Amino acid sequence: MSNILEVSQLTKTYQSGSHSLTVLDHVNFSIAEGATFAIVGPSGSGKTTLLGLAAGLDKASSGSVKINGIALENLNEDERAALRNQYVGFIFQNFQLLPTLTALENVMVPMELRKEKNIKERALTLLEKVGLKDRSHHYPTQLSGGEQQRVSIARAFANAPKILFADEPTGNLDEETGKIVEDLIFDLNKESGTTLVLVTHDLELAARTQRIVRIKGGKIISDTAQEEAKV
Ligand SMILES: Nc1ncnc2c1ncn2[C@@H]1O[C@H](COP(=O)(O)OP(=O)(O)OP(=O)(O)O)[C@@H](O)[C@H]1O
Ligand SMILES: [Mg+2]
């Protein structure tokens, strides 16, 4: 099976004045298409940074990221955005909904960018899946944190991504809603073959994936295949 994501010698260093802080230090891993993968580690260990680089949102200091065989470091900003729109979905730690658009419009954006058909209908179906059909005309500020998170999940699904990056996808949800969202994410893997890369503090969620990478101080300290994914 081919690799949908290849990360090699990935390093990120932040400079502030004469001081430099290396938050990711020569990280290497590859993910096969259709696999499920969890990144775990303490707060500040570099998980969100790693996800941002792997998804092409941010630029590395050195090293390489390939999505579907395409090296991100060789692309300009517009080419990276086009690649993301074609292959990648994200669920962010802080949602990143567009504040001037309603829930429905936020979910419609990726499909509009791709000039697809029946957009409104499909966006409503996705909102229904996450239990928010009756909130479709609310703006992000009129929604609770958990509701905003569910809108961002519906939006990520609207992209029909080949690879979905999710940063603490259930971190702000109550147990019951968290479980529904978790199941939706794993259904996307089973039904559409979407590769899942999840950052989580929730070890039960991590245990549902096929492989767990542990990161500490910007370095991978273990990379373990689970005997059998428990879905
Ligand atoms: N723009 C920045 N400038 C300087 N340092 C940064 C910047 N962004 C992140 N960092 C630092 O990089 C380190 C890794 O941050 P990151 O957000 O990747 O951690 P994390 O593992 O996602 O943590 P958490 O579990 O709390 O979300 C932290 O020490 C953070 O302070
Ligand atoms: Mg983080």
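Summary of the structure given here.

The rules behind each value
Counting from 1, residues in each chain are numbered in the order their sequence is written. By the order in which they are written, chains take letters starting at A while ligands take numbers starting at 1. In keeping with the model being predicted, local features are shown solely for residues with a pLDDT of at least 70 and side-chain atom pairs are shown and tallied solely at 80 or more, while totals for entire chains, interfaces and linings include all residues. As a rule here, side-chain values come from all non-hydrogen atoms in the structure, and water together with hydrogens is ignored. Neighbouring residues are identified by heavy atoms, a residue being near a molecule or strand if any of them is within 4 Å of it. Polar contact is defined as a pair of N or O atoms within 3.5 Å, subject to the rule that within protein one atom must be able to donate a hydrogen and the other to accept it, and that residues adjacent in sequence are counted only when both atoms are side-chain atoms. To measure how exposed things are, a 1.4 Å probe is used in the Shrake-Rupley method; for residues, cover is taken only from the protein chains shown. Secondary structure elements are defined from DSSP: runs of H or I of at least 4 residues count as helices, runs of E of at least 2 residues count as strands, and each element is numbered from the N terminus. Paired strands, in this sense, are two strands between which DSSP finds at least two bridges. What counts as an axis is a line fitted to C-alpha atoms, over the stretch in contact for a helix, and the angles between N-to-C directions run from 0 to 180 degrees. Two residues form a contact once any of their heavy atoms are found within 4.5 Å. Relative accessibility thresholds used throughout: buried, under 20% of the residue-type maximum; exposed, over 50%; partly exposed, between the two (1.4 Å probe, protein chains only). The aromatic pairing rule takes the rings of Phe, Tyr and Trp, using the six-membered ring of Trp, and pairs them if the centres are within 6.5 Å, calling planes under 30 degrees apart stacked, those over 60 edge-to-face and the rest tilted. Within this document, salt bridges are pairs made up of a side-chain nitrogen of Lys or Arg and a carboxyl oxygen of Asp or Glu, the two lying within 4 Å of each other. Among the buried residues, those of types Ala, Val, Leu, Ile, Met, Phe, Trp, Tyr and Cys that are joined through side-chain atoms within 4.5 Å form a nonpolar core.

1. Re the site of ligand 1
Link 1 in the chain: The environment of ligand 1 is formed by Tyr14, Val23, Pro42, Ser43, Gly44, Ser45, Gly46, Lys47, Thr48, Thr49, Gln93 and His201.
Link 2 in the chain: One of the backbone N or O atoms of Ser45 is found 3.2 Å from an oxygen atom in ligand 1.
Link 3 in the chain: Between ligand 1 and Thr49, the relevant distance is 2.6 Å, taken from an oxygen atom to a side-chain nitrogen or oxygen of the residue.
Link 4 in the chain: Within the complex, 61% of the 640 Å² of free accessible area of ligand 1 lies under protein.
Link 5 in the chain: Counting residues per element, the shell around ligand 1 draws most heavily on helix H1 (residues 47-54), at three residues.

2. Observations concerning the sheet that holds strand S9 (residues 211-216)
Link 1 in the chain: Across the sheet, which stays open at both edges, the six strands sit in the order S6-S7-S8-S3-S9-S10 with mixed pairing between neighbours. If you trace the sheet from one side to the other, it starts and ends with strand S6 (88-91) and strand S10 (219-225), each paired once. Averaged over all pairs of adjacent strands, the angle between their axes in this sheet comes to 15°, without regard to strand direction.
Link 2 in the chain: When strand S3 (residues 36-40) meets strand S8 (residues 195-199), the two strands line up parallel, connected through four bridges. Note that in S8 the partner of Ala38 across the bridge is Leu198.
Link 3 in the chain: Seen against the sheet, helix H2 (residues 77-87) touches S6 and strand S7 (163-167) and runs at an angle of roughly 85° to S6.

3. Some words on the sheet that holds strand S5 (residues 70-71)
One key point about sheets: their strands pair by backbone hydrogen bonds, in either a parallel or an antiparallel sense.
Link 1 in the chain: Taking strand neighbours across the sheet as the criterion, the four strands line up as S2-S1-S4-S5 in an open arrangement whose pairing is antiparallel. In this open sheet, the two edge strands, each paired with only one partner strand, are strand S2 (19-32) and S5.
Link 2 in the chain: Inspection of the sheet shows strand S1 (residues 3-16) paired to S2 by 10 bridges, in the antiparallel sense. Across the sheet, residue Gln15 finds its bridge partner in S2, namely Ser20.

4. What about the environment of Asn68?
Link 1 in the chain: Mapping Asn68 onto the fold places it in the loop between strand S4 (62-67) and S5.
Link 2 in the chain: With relative accessibility at 28%, the residue Asn68 sits in the partly exposed group.
Link 3 in the chain: Put simply, Asn68 and Ser30 are 38 residues apart on the chain and 11 Å apart in space, counted from C-alpha to C-alpha.
Link 4 in the chain: Side chain to side chain, Asn68 and Tyr87 meet in a polar contact 3.2 Å long.

5. What to know about the packing of aromatic side chains
Link 1 in the chain: As enumerated under the stated definition, the model contains two aromatic pairs in all.
Link 2 in the chain: Where Phe29 meets Phe37, the ring centres are 5.1 Å apart and the plane angle is 25°; that geometry is what we call stacked.

6. Things to note about the pattern of salt bridges
Link 1 in the chain: In total, this model carries 13 salt bridges according to the counting rule given.
Link 2 in the chain: Across the salt bridge formed by Glu128 and Lys133, the nearest N and O atoms sit 3.7 Å from each other.
Link 3 in the chain: Look at Glu128 and you get partly exposed, because its relative accessible area is 46%.
Link 4 in the chain: By relative accessible area, Lys133 is classed as partly exposed at 40%.
Link 5 in the chain: For Lys179, the salt bridge identified is with Asp183, shortest N-O distance 3.4 Å.

7. As for the pairing of S1
Remember that side chains alternate between the two faces of the sheet whenever the strand is regular.
Link 1 in the chain: Between S1 and S2, which pair antiparallel one after the other, the connecting turn spans two residues, and Gly17 there sits at a positive phi close to 65°.
Link 2 in the chain: Relative to S4, S1 runs antiparallel, the two sharing five bridges. Looking at S4, one finds that Val7 is bridged to Val65.

8. Things to note about the nonpolar core
Link 1 in the chain: Val107, Leu127, Val151, Phe157, Leu164 and Ile185 are the most contacted members of the largest nonpolar core, which totals 32 residues.
Link 2 in the chain: Taken together, the elements giving at least two residues each to this core come down to helix H3 (103-113), helix H4 (119-129), helix H5 (145-158), S7, helix H6 (175-192) and S8.
Link 3 in the chain: For this core, the element with the most residues is H5, which contributes six residues.
Link 4 in the chain: Apart from residues lying up to four places away in sequence, Ile185 is in contact with Ile91, Phe157, Leu164, Pro169, Leu196 and Leu198.
Link 5 in the chain: Listed in part, the 31 residues of the second largest apolar core include Leu10, Ala54, Tyr87 and Phe92.

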